[in-house]
Amino acid sequence: MQYASTMTEDVILLQETHSTTTTQKYWIRSWKDLVGQEGRIIFSHGTSSTNGVAILIKKQMQLKIHHRDTHGRMIAVELQDMDLKIWNIYAPNDGDATFFNFMEKQDVQEKHIVSGDFNAIMDPDLDRKTTSAHHTTTPRITYLKCLMDNGWTDLWRRFNPNERQYTFKRGEYESRLDYIMVTDMMLGNVLEIEIGVPTVSDHAPVAAKVALDVEVQRSPTWRLNRKLLAEKGFDQ
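Bear in mind that the values here come from a model prediction, so they are computed numbers and not experimental data.

Here we come to the packing of aromatic side chains. The full count for this structure, using the stated rule, is 6 aromatic pairs. Here F100 and F118 contribute two aromatic rings whose centre-to-centre distance is 5.2 Å and whose plane-to-plane angle is 25°, an arrangement assigned as stacked. Residue F100 is found in the loop between strand 6 (84-90) and helix 3 (101-104), and its partner F118 is found in the loop between strand 7 (111-117) and strand 8 (128-129); the two are separated by 18 residues along the sequence. Ring pairing ties together the aromatic residues W87, F99, F100, F102, F118 and Y179, which thus form one cluster. We note R73 situated over the ring of Y90; from NZ or CZ to the ring centre the distance is 4.7 Å.

Right, here's the structure in full:
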């Protein structure tokens, strides 16, 4: 938490916290000591050795818990004065798509940010650095790509369409597993996004600067709605 307190962001999302109900009071007390009494932490606990996600907040905000699972893999808060929902996720490393069903259920005409460890390589050419040429397209990747054709955007890739930068490193293997995805309604509010340098983890931080009171004009991106492919009468 010491490192998190030095970051300039007002809202910080952590995964693999290994927090529990036993250690919760210590987390909260330590965070308030670092950032002041307005500091808050919203938890979904795992165990002392697995899972756990937390949303760390530095300043006073009107918010409520929108969703919290019981496995330490997902938590969401609604910033009520900003009409914004922020989801913090730590996806299982199994390639399964069902974990992400919650994204399809959200109204893409509202403002949502989904961020965390997706445990997915969206583009095998751009999002990994490895000596192995083998890559399997999992149901998860197929599903996420479909979501991005229907109102969601991989924010870092939107700003960096051809860049290679990674968020996870283990030995010689590097990949981009950590994402900030937003509903397209959010695109005009995003000022910048960057991948940082790993310090206290084998994952690099991914940070976005968002101004909800400012809307930046961006050129539109045409997307094929894949649901149309299933419509009767569709012809190539």
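That was the structure; now back to the text.
Positive phi, close to 60°, is recorded for N51, a residue that is not glycine. Relative to the elements of secondary structure, N51 occurs in the loop between strand 2 (40-44) and strand 3 (53-57). The phi torsion at N119 lies on the positive side, around 50°, for a residue other than glycine. Assignment of secondary structure puts N119 in the loop between strand 7 and strand 8.

This next bit is on helix 2 (residues 24-35). A rise of 1.5 Å per residue sets the reference length of helix 2, with its 12 residues, at 16 Å; its end C-alpha atoms lie 17 Å apart and thus fit the reference within 8%. Within helix 2, the full set of buried residues consists of W27, S30 and W31. Along the long axis of helix 2, the arc covered by the buried residues comes to 100°, so they all point the same way. Those residues of helix 2 that are exposed and angled more than 90 degrees off the buried face are K25 and D33. Those residues of helix 2 that are buried lie in contact with helix 1 (2-6), strand 1 (11-15), strand 2 and strand 3. Of the residues flanking the end of helix 2, it is G36, one or two places downstream, whose phi is positive at about 105°.

Right, let's get into the pattern of salt bridges. One pass over the full model with this rule turns up 10 salt bridges. Here D127 makes a salt bridge to R176, at a shortest N to O gap of 2.9 Å. With D127 in the loop between strand 7 and strand 8 and R176 in the loop between strand 11 (173-175) and strand 12 (178-183), this residue pair connects regions lying 49 residues apart in the sequence. Given a relative accessible area of 0%, D127 falls into the buried group. When salt bridges with common partners are traced through the structure, they connect D127, D154, R157 and R176 into a single cluster.

Cut-offs applied
- Each chain carries its own residue numbering, running from 1 in the direction its sequence is written.
- Thresholds applied to this predicted model are a pLDDT of at least 70 for local features of residues and 80 or more for the giving and counting of side-chain atom pairs; totals over whole chains, interfaces and linings are not thresholded and use all residues.
- Side-chain metrics in this entry use all non-hydrogen atoms of the structure; hydrogen atoms and water are not considered.
- Only Phe, Tyr and Trp rings take part, Trp by its six-membered ring, and two of them pair if their centres are within 6.5 Å. Stacked means planes under 30 degrees apart, edge-to-face means over 60, and tilted covers everything else.
- The secondary structure listing takes helices from DSSP runs of H or I that are at least 4 residues long and strands from runs of E that are at least 2 residues long, numbered from the N terminus.
- Ring-over charges, as used throughout, are those where CZ of Arg or NZ of Lys falls within 6 Å of the ring centre and within 35 degrees of the ring normal.
- Every helix has an expected span of 1.5 Å times one less than the residues it contains.
- Note on classification: 1.4 Å probe, protein chains only; a residue is buried when its accessible area is under 20% of the maximum for its type, exposed when over 50%, partly exposed between these limits.
- By arc we mean the arc of the directions from the helix axis to the C-beta atoms, nothing more.
- By the convention used here, residues are in contact when the closest approach between their heavy atoms is within 4.5 Å.
- A side-chain nitrogen of Lys or Arg and a carboxyl oxygen of Asp or Glu constitute a salt bridge if their distance falls within 4 Å.

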